[in-house]
Amino acid sequence: MTVTENPTPMGFGRMHRKEDARFVRGKGNYVDDIQLPGMLHGSFLRSPYAHAKIISIDTSAAEALPGVRAVITGAVLETLKLAWMPTLSYDTQAVLATDKVRFQNQEVAFVVADNHYIARDALELIEVEYEPLPVVADAKQALAPGAPVIRDDKEGKTDNHIFDWSAGDKEKTDAVFADSEVVVVEDVLYPRVHPSPLETCGAVADFDKVSGKLTIYSTTQAPHAHRTVYALVAGLPEHKIRVVSPDIGGGFGGKVGIYPGYVLAIVGSIVTGKPVKWMEDRNEHLTATAFARDYHMRGEIAATKDGRIRALRVNVLADHGAFNGTAQPTKFPAGFFHIFTGSYDLEAASCDVTGVYTNKAPGGVAYACSFRITEAVYLVERMIDVLAYELKMDPAELRMKNLLKPEQFPYTTPTGWEYDSGDYPKALRLAMDMVGYEKLRQEQAEKRERGEYMGIGLSFFTEGVGAGPRKHMDILGLGMADGAELRVHPTGKAVLRLSVQTQGQGHETTFAQIVAEELGISPDDIEVVHGDTDQTPFGLGTYGSRSTPVSGAATAIVARKVRDRARIVASAMLEVSPDDLDWEKGRFFVKGDPDQGKTIQEIAMAAHSSLELPEGVEGHLDATTVYNPPNLTYPFGAYICVVDVDPATGQVKVRRFIAVDDCGVRINPMIVEGQVHGGLADGIGMALMQLMAFDEDGNHLGASLMDYLLPTALECPSWELGETVTPSPHHPIGAKGVGESATVGSPAAVVNAVLDALKPFGVRHADMPLTPSNVWRAAQGRPIRT
Ligand code: CDP
């Protein structure tokens with residue numbers, strides 16, 4: 001589609017992204033593009049061991065290298081009380097190792113030098129004496145009696161246990177299970193994967209000794225929250241800290257937390273008096289920056305013989321790595337995992353989650369999902385297929401039979417979620433029609449006769465996005481409400497300032513479209529400012545698809561406030577009562593006399609003029625707001641994947657993928673489709689090729705993109721998208737988030753398709769990633785490798 005076929009809509013609709021003008025010309029401004037006068041460069045020495053005592057560190061040769069300005073060790077940080085930092089989960093994490101290293105590639109020392117090459121050369125000159133310790137790389141072994149204790153820095157800690165957490169009604173669930181005709185149990189692993197955005201993490205810190213002002217340019221999805229944490233941890237006054245998050249090359253949840261590199265860039269700048277840049281390479285990013293998932297789940301499903309699902313019971317062992325750095329609202333150590341009842345009408349459900357430390361990198365971030373919902377959806381959608389296998393039922397029929405009905409909304413799940421709106425059967429029916437489900441099943445049967453193996457996999461997901469209501473959740477004590485400010489200049493051009501931060505999702509376009517929809521100002525005339533704490537109102541940032549549900553609502557509300565002010569000004573201009581005015585997009589006019597009206601641009605000019613306004617009205621149209629969401633929004637979707645599998649080679653070809661998404665009202669359908677495309681590719685990656693594997697010594701086996709595979713266009717089919725629109729009843733414009741829906745929903749569809757193809761081989765379940773060797777092993781009835 002060309003730009004001429006796609007003119008700027010005055011509000012919602014398809015529109016090319018405003019920000020692409022700079023991206024496609026190479027004019028983006030990423031952290032690594034930032035060059036400040038006199039800037040130095042920092043680099044980490046990292047541990048070769050996954051678990052070892054540090055006996056000594058000798059930095060003298062590195063310090064003597066010309067061009068080296070500082071070598072910072074854990075011992076130096078200890079003198080500044082900065083050797084440890086808090087994580088988002090109220091744990092502590094070593095900024096630089098002091099007593100021992102706890103995962104391979106952990107940060108041990110930081111060199112600051114005139115350039116990156118000198119810094120890297122100096123790392124070779126640092127002598128560290130380690131005493132290797134036994135390693136726990138397997139979550140299941142972490143709690144075994146006698147397992148080496150990883151967190152002996154914590155007083156009195158004698159094991160690797162982090163937390164136990166449960167949700168739902170255990171007693172009721174047990175009772176339903178005891179009384180059910182069919183019970184099926186399956187162990188399901190969601191392996192450790194990595195968000196892997198194009199841009200790795202980095203920061204440039206610039207401390208000005210004279211003004212005491214600290215400016216940090218960093219790859220953060222949450223600039224305001226980071227500023228508050230820096231203030232609390234380092235004791236720096238918050239108003240003297242400015243966090244700038246310039247263009248970000250993808251976040252996917254991996255840029256929510258604070259990494260040692262950010263802290264060391266700051267310390268380096270304070271120590272040297274110069275700006276310091278730290279930018280990690282791909283190997284560092286994959287091995288030391290936050291991972292995702294690593295959930296070892298046992299699912300149990302109870303049903304009647306004719307396929308009415310009655311209850312779900314889940315036990316999870318959650319591998320959190322060496323420090324509990326997982327990201328989610330404080331009250332929920334397993335994030336939103338307890339949404340695992342999915343899209344189905346159940347009598348009861350309960351889950352128990354145990355978190356453990358292992359000698360692996362910390363993380364557990366919400367990789368393109370709302371805090372562990374991907375794990376939850378994967379579990380329930382696998383369990384449904386396992387049940388269908390046992391009952392010899394068609395998985396589509398089984399889903400249709402158990403999906404929530406439109407009249408059940410708002411619906412409270414057995415684990416306490418209140419789904420806002422939905423028409424699930426409609427979405428599934430549409431996906432089945434699009435794919436031609438019945439015909440495909442016939443084709444499959446015919447092919448099986450000929451020894452050809454195609455598979456059809458379904459998945460139905462419900463996500464809960466827009467964290468979140470302040471009464472229900474916070475992160476490190478910070479409530480999850482977000483601000484918005486809207487200024488309308490005299491000539492009617494506007495500036496919208498937001499607390500959320502785009503990492504490529506097109507906020508500069510879609511948020512301008514929301515203002516356009518509410519005020520009738522063209523999106524081309526609206527500048528969206530984000531990612532700079534000095535210029536934007538406070539808020540918790542972008543992750544968990546929360547931008548549209550929270551800041552999108554704030555934007556609509558602040559625009560409505562401007563419209564209310566404009567009504568008063570228009571009434572003064574037209575010399576009628578405000579109640580005698582009607583609004584059409586972009587214009588107030590006198591009721592019953594449409595010719596008597598004023599455009600928003602005329603009103604903006606008048607608001608700044610000498611026009612006499614009613615008592616108490618100050619003039620101008622500008623407004624601010626803070627939005628505290630009353631509930632999450634619940635997007636949902638029905639996905640169907642069709643694969644062809646060669647059991648002799650284990651090769652999987654994804655032939656078709658149908659995705660019907662419902663994210664309520666779509667602001668920009670083109671951007672929504674782009675978001676869905678990205679998430680579907682993610683699903684193919686996780687289902688078929690991705691795994692952060694470790695050997696028993698804790699060595700990372702996938703430390704480059706040669707080993708940790710990202711899907712390309714070659715592995716992806718031409719996506720076939722459909723939509724239904726069920727507005728969120730509590731969101732001002734009826735929109736629900738969509739940024740992560742496809743990453744959440746698609747892995748189960750792909751896995752279900754591959755396992756459907758392998759059904760004639762008696763395969764009921766096999767864990768991701770379904771690489772060719774794993775598919776081959778599954779078809780041979782051998783255990784697969786994860
Ligand atoms: O928080 P994040 O931006 O990652 O996710 P989101 O709120 O789901 O939005 C992703 C992109 O899709 C943004 O540009 C949204 O404005 C857009 N979107 C939309 O056009 N219509 C929706 N109903 C939801 C999102």
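Since the structure is predicted, the reported quantities are computational estimates derived from the model, not experimental observations.

Caption draft 1: Layout of the overall build of the protein chain. When you go through the protein chain residue by residue, the secondary structure sums to 19 helices and 33 strands. Relative to the globule expectation of 28 Å for 786 residues, the C-alpha radius of gyration of the protein chain, 27 Å, shows essentially globular dimensions. Expressed as a percentage of its 786 residues, the buried residues of the protein chain come to 62%. By sequence separation, contacts in the protein chain at least 24 residues apart represent 79% of the contacts at least 6 residues apart. Within the structure as shown, the protein chain displays about 28,300 Å² of accessible surface, and the carbon and sulfur contribution to it stands at 51%. The positive charge centre, built from 75 side chains, and the negative charge centre, built from 102, are 1 Å apart in the protein chain.

Caption draft 2: A look at the site of the ligand. Lining the immediate surroundings of the ligand are 23 residues, of which Gln505, His507, Ser547, Thr548 and Val738 lie closest. A distance of 2.6 Å is found between an oxygen atom of the ligand and a side-chain nitrogen or oxygen belonging to His507. A distance of 3.2 Å separates a nitrogen atom of the ligand from a polar atom in the backbone of Lys736. For the ligand, whose unbound accessible area comes to 520 Å², protein coverage reaches 98%. Mapped onto the shell around the ligand, the elements with two or more residues apiece are helix H14 (507-519), helix H15 (547-574) and helix H17 (669-688).

Caption draft 3: Examining the sheet that holds strand S29 (residues 593-599) more closely. A sheet is described by the order of its strands in space; here three strands give the open sequence S27-S28-S29, paired in antiparallel fashion. The sheet terminates laterally at strand S27 (581-584) and S29, the two strands that pair on one side only. Adjacent strand axes in the sheet meet at a mean angle of 35° when their direction is disregarded. With four bridges joining them, strand S28 (residues 587-590) and S29 adopt antiparallel strand pairing. Looking across to S29, one finds that Arg587 is bridged to Thr599.

Caption draft 4: Up close: the side chain of Asp91. Examined against the element boundaries, Asp91 turns out to sit in the loop between strand S4 (84-86) and strand S5 (92-94). Beyond its immediate stretch of four places on either side in the chain, Asp91 contacts Met85, Pro86, Arg151, Lys154, Phe323, Asn324 and Tyr357.

Caption draft 5: A look at unusual backbone geometry. Residues Phe409 and Pro410 are joined by a peptide bond in cis, for which omega reads -5°. In this structure, Pro410 sits in the loop between helix H11 (395-402) and strand S19 (411-412). Here the residue pair Met768 and Pro769 is connected by a cis peptide bond, since its omega of -5° sits within 30 degrees of zero. As for its position among the elements, Pro769 is in the loop between helix H18 (741-757) and helix H19 (772-779). One non-glycine residue, Glu575, lies in the positive phi region at around 55°. With respect to the helices, strands and loops of the structure, Glu575 is situated in the loop between H15 and S27. Judged by relative accessible area, Glu575 falls into the exposed class, the value being 72%. Its identity as a non-glycine residue notwithstanding, His620 has a phi of 60°, on the positive side.

Caption draft 6: Examining helix H10 (residues 373-391) more closely. Taking 1.5 Å of rise per residue, the 19 residues of H10 would be expected to cover 27 Å, and the 27 Å separating its terminal C-alpha atoms lies within 8% of that figure. Within H10, 17 of the 19 residues are buried, which leaves it mostly tucked inside the rest of the structure. Just downstream of H10 lies Lys392, where phi reads positive at about 55°.

Caption draft 7: Representation of the sheet that holds strand S32 (residues 651-662) in the model. If you walk across this open sheet you meet the four strands as S21-S31-S32-S33, and the pairing is mixed. Each edge of the sheet is formed by a strand with only one pairing partner; in this case those strands are strand S21 (453-462) and strand S33 (720-723). The mean angle between the axes of side-by-side strands here comes to 15°, regardless of whether they run parallel or antiparallel. Looking at chain direction, S21 and strand S31 (residues 636-646) are connected through 10 bridges and run antiparallel. Opposite Gly457, over in S31, you have Cys641 as the bridge partner.

Caption draft 8: Region of interest: the environment of Val386. Structurally, Val386 is set in helix H10. The spatial distance from the C-alpha of Val386 to the C-alpha of Val185 is 8.6 Å, given a sequence separation of 201 residues. When near neighbours in sequence (up to four residues on either side) are disregarded, Val386 contacts Val184, Glu186 and Arg764.

Caption draft 9: Main features of the pattern of salt bridges. Counted according to the given criterion, the structure contains 58 salt bridges. As a salt-bridge pair, Glu438 and Arg429 come within 3.6 Å of each other at their nearest N and O atoms. What makes Arg429 partly exposed here is its relative accessible area of 33%. The partner of Glu517 in a salt bridge is Lys585, with the nearest N and O atoms 3.2 Å apart. Of this pair, Glu517 sits in helix H14 while Lys585 sits in the loop between S27 and S28, and the two are 68 residues apart along the sequence. Residues participating in the shared-partner salt-bridge network are Asp91, Asp99, Lys100, Arg102, Arg151, Asp152, Asp153 and Lys154.

Caption draft 10: Spatial organisation of the nonpolar core. Counting residues in hydrophobic clusters, the biggest one holds 175 residues, and the most contacted among them are Phe337 and Val353. The element best represented in this core is H10, accounting for 12 residues. Ignoring anything within four residues of it in the chain, the contact list for Val353 reads Phe163, Asp164, Trp165, Tyr295, Val316, Ala318, Ala334 and Phe337.

Caption draft 11: Molecular detail of the packing of aromatic side chains. Considering all chains together, one arrives at 27 aromatic pairs under this definition. Aromatic pair Phe460 and Phe636: ring centres 6.2 Å apart, planes at 15°, arrangement stacked. You can see Phe460 sitting in strand S21 and its partner Phe636 sitting in strand S31, a full 176 residues away along the chain. An aromatic cluster is defined as three or more aromatic residues linked by ring pairs; in this entry it consists of Trp165, Phe332, Phe336, Phe371, Trp417 and Tyr543. Residue placement shows Arg192 over the ring face of Phe291; its charged tip is 3.3 Å from the ring centre. Over the aromatic face of Tyr190 sits the side chain of Arg293, whose NZ or CZ is 5.2 Å from the ring centroid.

Caption draft 12: Representation of the state of the cysteines in the model. Going through the model one piece at a time under the given rule, you end up with zero disulfides. Cys369 provides the cysteine sulfur closest to Cys201, a residue in no disulfide bond, and the two sulfurs are 17 Å apart. By relative accessible area, Cys201 is classed as buried at 0%. Cysteine Cys641 is unpaired, with the sulfur of Cys716 as its nearest cysteine sulfur at 10 Å.

Caption draft 13: Focus on the packing of H10 against H11. The geometry of H10 relative to H11 is characterised by a closest axis approach of 9 Å and an angle of 115° between their N-to-C directions. Every pair of crossing elements has a handedness; the one defined by H10 and H11 is right-handed. Contact residues: Glu381, Ile384, Asp385, Leu387 and Ala388 in H10; Pro395, Leu398 and Arg399 in H11. Residue composition of the contact of H10 with H11, grouped by class: five nonpolar, no polar and three charged.

Caption draft 14: Expanded view of the pairing of strand S2 (residues 52-58). Inspection of the sheet shows S2 paired to strand S6 (residues 100-101) by two bridges, in the antiparallel sense. When the bridges of S6 are listed, Ala52 appears paired with Val101. In this structure, S2 lies alongside strand S8 (residues 127-132), joined through six bridges in antiparallel fashion. Residue pairing for S8: Ile57 is matched across the bridge by Val128.

Caption draft 15: Up close: the pairing of strand S1 (residues 40-46). Most of S1 is tucked away: seven of the seven residues are buried. Residues Leu40, Gly42, Phe44 and Arg46 of S1 are buried on one face, and the alternating residues His41, Ser43 and Leu45, pointing to the opposite face, are buried as well. With three bridges joining them, S1 and strand S14 (residues 276-279) adopt parallel strand pairing. Each bridged residue has a counterpart across the sheet, and for His41 the counterpart in S14 is Lys277. Two elements, S1 and strand S7 (residues 107-113), share six bridges in a ladder whose sense is antiparallel. Paired with Arg46 across the strands is Glu107, a residue of S7.

Cut-offs used in this document
- Residues numbered from 1 in each chain as written.
- Predicted model: local features only at pLDDT ≥ 70, side-chain atom pairs only at ≥ 80, totals over all residues.
- Heavy atoms only, no water.
- Helix = DSSP H or I, 4+ residues; strand = E, 2+ residues; numbered from the N terminus.
- Rg over C-alpha atoms; globule rule 2.2 N^0.38 Å.
- Buried < 20%, exposed > 50% of the residue type's maximum accessible area, 1.4 Å probe, protein only.
- Contact = heavy atoms within 4.5 Å.
- Areas by Shrake-Rupley, 256 points an atom, 1.4 Å probe, with all protein chains shown as cover.
- Lys, Arg positive; Asp, Glu negative; His and termini not counted.
- Charge placed at Lys NZ, Arg CZ, Asp CG, Glu CD.
- Near = heavy atom within 4 Å.
- Polar contact = N/O pair within 3.5 Å; in protein donor to acceptor, adjacent residues only side chain to side chain.
- Pairing = 2+ DSSP bridges.
- Axes fitted to C-alpha atoms, helices over the stretch in contact; angles between N-to-C directions.
- Expected span 1.5 Å × (residues − 1).
- Salt bridge = Lys/Arg side-chain N within 4 Å of Asp/Glu carboxyl O.
- Core = buried A, V, L, I, M, F, W, Y, C linked by side-chain atoms within 4.5 Å.
- Phe/Tyr/Trp six-rings, centres within 6.5 Å; stacked < 30°, edge-to-face > 60°.
- Lys NZ or Arg CZ within 6 Å of the ring centre and 35° of its normal.
- Disulfide = S-S within 2.5 Å.
- Left-handed = near helix turned anticlockwise from the far one by under 90°.
- Nonpolar A, V, L, I, M, F, W, Y, C, P; charged D, E, K, R; others polar.

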